[in-house]
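Here's the letter readout for the chains.
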Amino acid sequence: MGRVALVTGGSRGIGAAISTALKDAGYTVAANYAGNDEKARAFHEETGIPVYKWDVSNYEACGTGIAQVESDLGPVDVLVNNAGITRDAMFHKMTPQQWQEVINTNLTGLFNMTHHVWSGMRERSFGRVVNISSINGQKGQMGQANYSAAKAGDLGFTKALAQEGAAKNITVNAICPGYIATEMVLAVPENVLKERILPQIPVGRLGQPEEVARCVVFLASDEAGFVTGSTLSANGGQLFV
Ligand SMILES: NC(=O)c1ccc[n+]([C@@H]2O[C@H](COP(=O)([O-])OP(=O)(O)OC[C@H]3O[C@@H](n4cnc5c(N)ncnc54)[C@H](OP(=O)(O)O)[C@@H]3O)[C@@H](O)[C@H]2O)c1
């Protein structure tokens, strides 16, 4: 298959699993990352997937980066907006900087990336955009007013853009992972994980990055053309919406 997939934050965590699963499914994959050169180099050496460094919160950098990917690999057919950060704080202690950094990366990053591939997808009458939101965008999470707002915004973005893309065979969907075993979650102290987090998850375990990646592979496929504007929850039964 000749389709090209670009995964933001695709060099580690959930994004690395997504990049690898798409490659295994036959896509030509490019993985973007922000600054962790060491992890990106190791990922590239392990998988052979090319890595590209730019900041998704910078509109111009996204344009330049995507132009490079398209010149190297061809037009982007599948965009996975996965890059995300946390800057947690209770609201009364949250700084404007913590708010802005999370909004800029986790919400505005979707505009910055998607805007640069959208016209090409429209011209070719094919596109798949998959946005990695979060359970905390669905239910809200204390200490994460910034993150919850951005991730809820991702869902509104998904539903609006799905309507615009439908006539051009471009689907736009979101995935809301629950607790997934990545560095982001494994940094939580073990007693908090065991006593407070796991009891909230009916399946009794954290999810694996590969379980989110499988959802992406489905939504990216040509066969998923009738699925658009949807939110797919992958949370071990923690929340039904
Ligand atoms: N882990 C979970 O339980 C969980 C649950 C729900 C939703 N999510 C969402 O799933 C996504 C992936 O999470 P994760 O746990 O895999 O995160 P992670 O392990 O911290 O990896 C984040 C990835 O995003 C990249 N990144 C961060 N900021 C960026 C920026 N401004 N520009 C470009 N790339 C950037 C990082 O690049 P560097 O390596 O260069 O830093 C890295 O590749 C995020 O959107 C997160 O909100 C995660």
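Residue numbers run consecutively from 1 along every chain, following the written order of its sequence. In view of the model being predicted, local features appear only for residues whose pLDDT reaches at least 70, and side-chain atom pairs are presented and counted only at 80 or more, with totals across whole chains, interfaces and linings using the full set of residues. Excluded from the side-chain calculations are hydrogens and water; all other atoms, namely the structure's heavy atoms, are used.

Caption draft 1: Focus on the environment of Val130. Numbering of helices and strands runs from the N terminus; a helix is a DSSP stretch of H or I covering at least four residues, while a strand is a stretch of E covering at least two. Within the secondary structure layout, Val130 lies in strand S5 (residues 127–132). Using a 1.4 Å probe on the protein chains alone, a residue whose accessible area is under 20% of its type maximum counts as buried, one over 50% counts as exposed, and one in between counts as partly exposed. Using a relative accessible area of 0% as the deciding quantity, one classes Val130 as buried. For the pair Val130 and Cys215, spaced 85 residues apart in sequence, the C-alpha separation works out to 9.6 Å. Working rule for contacts: check all heavy atoms of both residues, and any pair within 4.5 Å makes them a contact. Once residues within four sequence positions are removed from consideration, Val130 is found in contact with Leu79, Val80, Asn81, Asn173, Ile175, Val216 and Leu219.

Caption draft 2: View of the site of the ligand. Here a residue is considered near a molecule or strand provided that any single heavy atom belonging to it is located within 4 Å of it. Taken together, 30 residues are adjacent to the ligand, and Arg12, Ile14, Gly35, Asn82 and Tyr147 come closest. Taking Ser11, its side chain carries an N or O atom lying 3.3 Å from an oxygen atom of the ligand. Polar contacts here mean pairs of N or O atoms no more than 3.5 Å apart (in protein, one a potential hydrogen donor and the other a potential acceptor; neighbouring residues in sequence count only if both atoms are side-chain atoms). Taking Lys151, its side chain carries an N or O atom lying 2.9 Å from an oxygen atom of the ligand. Here the Shrake-Rupley method, with its probe set to 1.4 Å, supplies the accessible areas, and only the displayed protein chains count as covering residues. Here the ligand, which alone exposes 900 Å², has 93% of that area covered by the protein. We call Asp, Glu, Lys and Arg charged. Ala, Val, Leu, Ile, Met, Phe, Trp, Tyr, Cys and Pro are nonpolar, and the rest, Gly among them, are polar. For the shell around the ligand, a count of residues per class yields 14 nonpolar, 13 polar and 3 charged.

Caption draft 3: Representation of unusual backbone geometry within the structure. The phi torsion at Ser125 lies on the positive side, around 55°, for a residue other than glycine. With respect to the element layout, Ser125 can be found in the loop between helix H4 (96–124) and S5. Look at Ser125 and you get partly exposed, because its relative accessible area is 35%. For Asn169, which is not glycine, the phi torsion reads 65° and is therefore positive. When its relative accessible area of 35% is taken as the criterion, Asn169 is described as partly exposed.

Caption draft 4: Seen up close, the pattern of salt bridges. When a carboxyl oxygen of Asp or Glu is within 4 Å of a side-chain nitrogen of Lys or Arg, the pair counts as a salt bridge. Taken as a whole and judged by the stated rule, the model has 8 salt bridges. Measuring nitrogen to oxygen at the nearest pair gives 2.9 Å for the salt bridge that ties Glu183 to Lys39. On the criterion of sequence distance, the pair formed by Glu183 in helix H7 (residues 183–186) and Lys39 in helix H2 (residues 37–47) is long-range, its members being 144 residues apart. Residue classification places Glu183 among the partly exposed residues on the basis of a relative accessible area of 46%.

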